[in-house]
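Close look at the chain arrangement
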Amino acid sequence: MDFEKRYVAIGDSFSEGVGDPAPDRPNGVRGWTDRVAEQLITADPAWGYANLAIRGRKLPQIVAEQVPQAIALKPTLVTVSAGGNDILRPRVDVEAIVAQLDDALGELKATGADVVVFTGFDVSASPIFSATLGRVALFNERLREIADRRGIVIADYWRWREFQNVGYWDEDRLHMNTSGHCLMASRILELLRLEHTIEVPELHTSASRGRVEEIKQNAQWAKTHLLPWVQRRLTGKSSGDRMDPKYPDYVQVHPG
């Protein structure tokens with residue numbers, strides 16, 4: 001089916017939708033990209049939607065695999081989330097990955113599509129990932145310069161402080177939960193100056209935890225989520241190994 005308007009999402013787990021479970025959808029997740037597409041399609045059936053993002057993908061993989069696929073789909077709108085998995089590695093050349101991303105964004109922009117690219121998240125409040133704060137800040141500033149030069153829209157995740165609320169995050173502390181994905185979808189639609197009907201679930205104030213309870217919860221989190229994450233990186237494995245894109249060609253998705 002041919003579509004007059006075509007939205008393609010590329011990137012990693014953030015754009016795939018990890019943290020927003022949906023057993024009836026490919027890869028078992030929905031996410032903010034699906035939710036944006038639902039709103040676009042509901043407002044105008046001329047829209048089609050493809051999602052090439054796969055969890056765990058690093059920038060070189062996204063550039064080599066997803067960018068050419070996206071260009072072949074002749075998009076009119078592209079959202080790009082890339083670089084986060086690279087920045088979290090023990091060693092990374094930020095300037096090198098920015099240069100690679102710059103070239104990829106240039107190729108996408110040359111298609112005539114509107115391009116939206118995400119900055120990295122402010123990790124200053126994280127006891128685990130705050131050590132990467134400096135490299136995230138440098139990555140973001142370089143990315144803003146690229147966006148200014150190329151006429152690309154910046155989705156400034158770093159400056160959207162509402163996402164610092166732990167209520168928007170999944171229990172793995174690495175991905176947004178359903179509430180976070182709803183909020184992100186609403187922010188992107190507003191950034192594009194498009195109306196929407198997304199309702200962000202109300203956050204409930206969690207009961208304060210004692211020091212002992214906090215230590216127990218942190219230990220359980222480290223065992224369940226952090227250690228497997230570290231082990232995958234030490235062994236060169238990825239949670240996205242042998243996974244395929246959710247929607248490699250255009251489809252129409254609907255709320256519900």
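Quick caveat, the model's predicted, so the values are computed rather than measured.

1. Thoughts on the layout of surface pockets
Estimates place the volume of the second largest pocket at around 300 Å³. Here the lining of the second largest pocket is built from residues that sort into 8 nonpolar, 5 polar and 4 charged.

2. Here's the deal with the side chain of Asp 20
When you line up the elements, Asp 20 lands in the loop between helix H1 (13-16) and helix H2 (31-43). There is a polar contact of 2.9 Å between the side chain of Asp 20 and the backbone nitrogen of Gly 31.

3. Remarks on the packing of helix H3 (residues 59-72) against helix H5 (residues 94-109)
The interhelical angle for the contact between H3 and H5, taken along N-to-C directions, is 5°, at an axis separation of 10 Å. As the angle between them shows, H3 and H5 are arranged roughly parallel. Along its contact with H3, which presents Leu 59, Pro 60, Val 63, Val 67, Ala 70 and Ile 71, the element H5 presents Ile 97, Gln 100, Leu 101, Ala 104, Glu 107 and Leu 108. For the contact of H3 with H5, a count of residues per class yields 10 nonpolar, 1 polar and 1 charged.

4. Digging into the pattern of salt bridges
For the coordinates displayed, the defined rule picks out 18 salt bridges. A salt bridge links Asp 34 to Lys 246; the nearest nitrogen and oxygen atoms lie 2.9 Å apart. Of the two residues, Asp 34 sits in helix H2 while Lys 246 sits in the loop between helix H8 (211-235) and strand E6 (247-251), which places them 212 residues apart along the sequence. Residue classification places Asp 34 among the buried positions, given a relative accessible area of 0%. On the basis of relative accessibility, which here comes to 4%, the residue Lys 246 falls in the buried class.

5. Describing H2
Here H2 spans 19 Å end to end across 13 residues, near enough to the 18 Å set by a 1.5 Å rise per residue. By the criterion of burial, H2 is predominantly enclosed, with 11 of the 13 residues buried. If you check which residues of H2 are buried, you get Gly 31, Trp 32, Thr 33, Asp 34, Arg 35, Val 36, Ala 37, Glu 38, Gln 39, Leu 40 and Ile 41.

6. Focus: the sheet that holds strand E3 (residues 77-81)
With respect to topology, 6 strands assemble into an open sheet ordered E5-E4-E3-E1-E2-E6, the strand pairing being mixed. Of all the strands in the sheet, the pair left with one neighbour each is strand E5 (153-155) and E6. Direction aside, the axes of adjacent strands within the sheet are offset by 15° on average.

7. Overview of the nonpolar core
Membership of the largest hydrophobic core comes to 33 residues, with the highest contact counts inside it found for Ile 10, Val 80 and Leu 105. Looking at this core, the elements with two or more residues in it are strand E1 (5-11), H3, E3, H5, strand E4 (114-118) and helix H6 (133-150). By residue number, the principal contributor to this core is H5, which donates 7 residues. Beyond its immediate chain neighbours, meaning those up to four positions away, Ile 10 contacts Ser 15, Leu 52, Ala 53, Ile 62, Gln 66, Val 67, Ala 70, Thr 79, Val 80, Ser 81 and Leu 108. Grouped together as the second largest cluster of nonpolar side chains are 32 residues, Ala 9, Trp 169, Ile 198 and Val 253 included.

8. Here's the deal with the pairing of E3
The element E3 is largely enclosed, with a buried count of 5 among its 5 residues. Covered by surrounding structure in E3 are Leu 77, Thr 79 and Ser 81 together with Val 78 and Val 80, the residues of both alternating faces. Pairing of E1 with E3, which is carried by 5 bridges, proceeds in the parallel orientation. Residue pairing in the sheet places Val 8 in a bridge with Val 78 of E3. Where E3 lies against E4, 4 bridges are found, and the strand directions are parallel. Within E4, the residue paired with Thr 79 across the bridge is Val 116.

What counts, and at which threshold
- Residues numbered from 1 in each chain as written.
- Predicted model: local features only at pLDDT ≥ 70, side-chain atom pairs only at ≥ 80, totals over all residues.
- Heavy atoms only, no water.
- 1 Å grid on protein atoms, 1.4 Å probe; cavity = no way out; pocket = protein on both sides within 12 Å on 5 of 7 lines; lining within 4 Å.
- Points joined across faces, edges and corners; volume = space filled by probe spheres on them.
- Nonpolar A, V, L, I, M, F, W, Y, C, P; charged D, E, K, R; others polar.
- Helix = DSSP H or I, 4+ residues; strand = E, 2+ residues; numbered from the N terminus.
- Polar contact = N/O pair within 3.5 Å; in protein donor to acceptor, adjacent residues only side chain to side chain.
- Axes fitted to C-alpha atoms, helices over the stretch in contact; angles between N-to-C directions.
- Parallel < 35°, antiparallel > 145°, perpendicular 65-115°, else oblique.
- Contact = heavy atoms within 4.5 Å.
- Salt bridge = Lys/Arg side-chain N within 4 Å of Asp/Glu carboxyl O.
- Buried < 20%, exposed > 50% of the residue type's maximum accessible area, 1.4 Å probe, protein only.
- Expected span 1.5 Å × (residues − 1).
- Pairing = 2+ DSSP bridges.
- Core = buried A, V, L, I, M, F, W, Y, C linked by side-chain atoms within 4.5 Å.

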